[in-house]
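Each chain is listed here by its residues.
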Amino acid sequence: MDWGMKNRLSRLVQPDGHCFFLPIDHGYFQGPTRCLEKPAETIDPLLPYCDALFVTRGVLRAVVDPALQTPVILRVSGGTSMICKDLAHEGITASMKDAVRLNVAAVGISVFIGSEYEHETLLNLAKLVDEGEEYGVPVMAVTAVGKELEKRDARYLAMSCRIAAELGAKIVKTYWCEDFDKVVEGCPVPVVMAGGPKCETEREVFEFVHDGMQKGAIGVNLGRNVWQNPQPVAVMKALRAIIHENATVDEAQEIFEQVKGK
Ligand code: 5RP
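Below you will find a few notes about this structure.

Reading guide: rules and limits
Residues numbered from 1 in each chain as written. Predicted model: local features only at pLDDT ≥ 70, side-chain atom pairs only at ≥ 80, totals over all residues. Axes fitted to C-alpha atoms, helices over the stretch in contact; angles between N-to-C directions. Helix = DSSP H or I, 4+ residues; strand = E, 2+ residues; numbered from the N terminus. Parallel < 35°, antiparallel > 145°, perpendicular 65-115°, else oblique. Left-handed = near helix turned anticlockwise from the far one by under 90°. Contact = placed C-beta atoms within 7 Å. Near = placed C-beta within 6 Å. Nonpolar A, V, L, I, M, F, W, Y, C, P; charged D, E, K, R; others polar. Pairing = 2+ DSSP bridges. Expected span 1.5 Å × (residues − 1). Buried ≥ 20, exposed ≤ 12 C-beta atoms within 10 Å, placed from the backbone. Arc of directions from axis to C-beta.

1. A few points about the packing of helix H9 (residues 202–214) against helix H11 (residues 232–245)
- Between H9 and H11, whose axes approach to 10 Å, the crossing angle comes to 20 degrees. As judged from the angle between their axes, H9 and H11 are roughly parallel. Our pair here, H9 against H11, has a crossing hand that is right-handed. Residues Glu202, Val205, Phe206, Val209, His210 and Met213 of H9 lie in contact with H11, whose contacting residues are Val235, Ala238, Leu239, Ile242 and Ile243.

2. Some details on the site of the ligand
- Looking at the ligand, there are 13 residues lining it, with Pro23, Ala194, Gly195, Gly223 and Arg224 nearest.
- Tallied by class, the residues present in the shell around the ligand amount to 5 nonpolar, 6 polar and 2 charged.

3. Observations regarding the environment of Glu207
- Along the polypeptide, Glu207 turns up in helix H9.
- On a C-alpha basis, the gap between Glu207 and Asp250 in space is 9.2 Å, while along the polypeptide they are 43 residues apart.

4. Some thoughts on the sheet that holds strand E6 (residues 106–111)
- Taken together, 8 strands build a closed barrel; the order of strands is E1-E2-E3-E6-E7-E8-E9-E10 and the barrel is parallel. Looking at each pair of strands side by side, their axes are set apart by 30 degrees on average, direction ignored.
- Of the strand pairs in this sheet, strand E1 (residues 19–23) and strand E10 (residues 219–221) are connected by 3 bridges, and their pairing is parallel. In the sheet register, Cys19 faces E10, and the bridge partner there is Gly219.

5. A short note on helix H12 (residues 249–261)
- For H12, with 13 residues, the first-to-last C-alpha span of 18 Å sits near the 18 Å given by 1.5 Å per residue.
- Regarding H12, the residues found buried are Ala252, Ile255 and Phe256. The buried residues of H12 all sit within an arc of 100 degrees when viewed along its axis, so they share a single face. Facing away from the buried surface of H12 by more than 90 degrees, the exposed residues are Asp250, Gln258 and Gly261.
- Looking at the packing, one finds that the buried side of H12 touches H9 and H11.

6. Observations concerning the environment of Asp65
- Structurally, Asp65 is set in the loop between helix H4 (57–63) and strand E3 (72–75).
- Sequence separation between Asp65 and Asn103 is 38 residues; the distance between their C-alpha atoms is 13 Å.

Written as structure tokens, this is what we have:
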């Protein structure tokens with residue numbers, strides 16, 4: 001692996017081998033998602049606690065301070081909206097040249113396995129990997145399920161992650177599920193967990209993140225369960241403890257309560 005690629009990956013994955021990515025890319029198909037109406041206000045208090053920000057080039061250029069030292073993962077797929085016929089019908093929405101110009105640490109693209117657009121989204125991934133290899137930019141594949149949230153089981157996610165890795169993704173983002181070890185074991189590159197729609201309680205989030213970490217995930221790319229919580233800093237501090245300090249669920253809950261109480 002070339003120096004540039006290694007350097008970018010080392011900025012994303014911390015020396016302990018773990019990472020906490022904060023995604024705020026949801027607007028690329030959802031529009032002004034709840035609590036992300038003004039992305040700058042949402043991320044301002046949270047940036048000190050994440051290892052990277054997952055964002056589109058539009059929001060990055062419009063509201064993120066270019067003096068930011070936190071690494072950026074650029075969302076480079078899209079072209080659909082919540083109200084379109086099929087969320088899977090994505091294309092590549094930013095060039096590798098623009099990603100390099102923005103000095104990002106990685107690019108992220110969704111693949112939709114089992115959808116009508118499986119083939120197109122997988123070829124988009126392969127093309128992006130070719131370009132990323134040329135410029136030393138790692139690709140994070142997002143195993144997306146569109147509106148079909150029930151697809152989130154180990155068999156399906158293991159297949160999706162493995163295919164994304166086979167096509168050259170350096171990191172794969174997927175959902176946590178029961179038997180998550182089956183997903184991680186079948187994937188030869190690091191796996192990070194997304195959160196999906198907001199859980200009822202923060203403890204549920206701590207539980208699945210803890211379980212996923214125990215089963216081999218290297219971290220999270222967790223959005224709504226952080227910034228849609230009324231106490232996002234407390235959630236982030238608690239999750240950081242699980243991800244980077246091997247905290248238990250009870251310890252994370254205690255950190256949450258302490259920070260919340262301040
Ligand atoms: C949305 C994404 C998000 O990055 C991903 O789903 C993580 O966010 P959340 O934890 O809110 O699900 O790819 O397009």
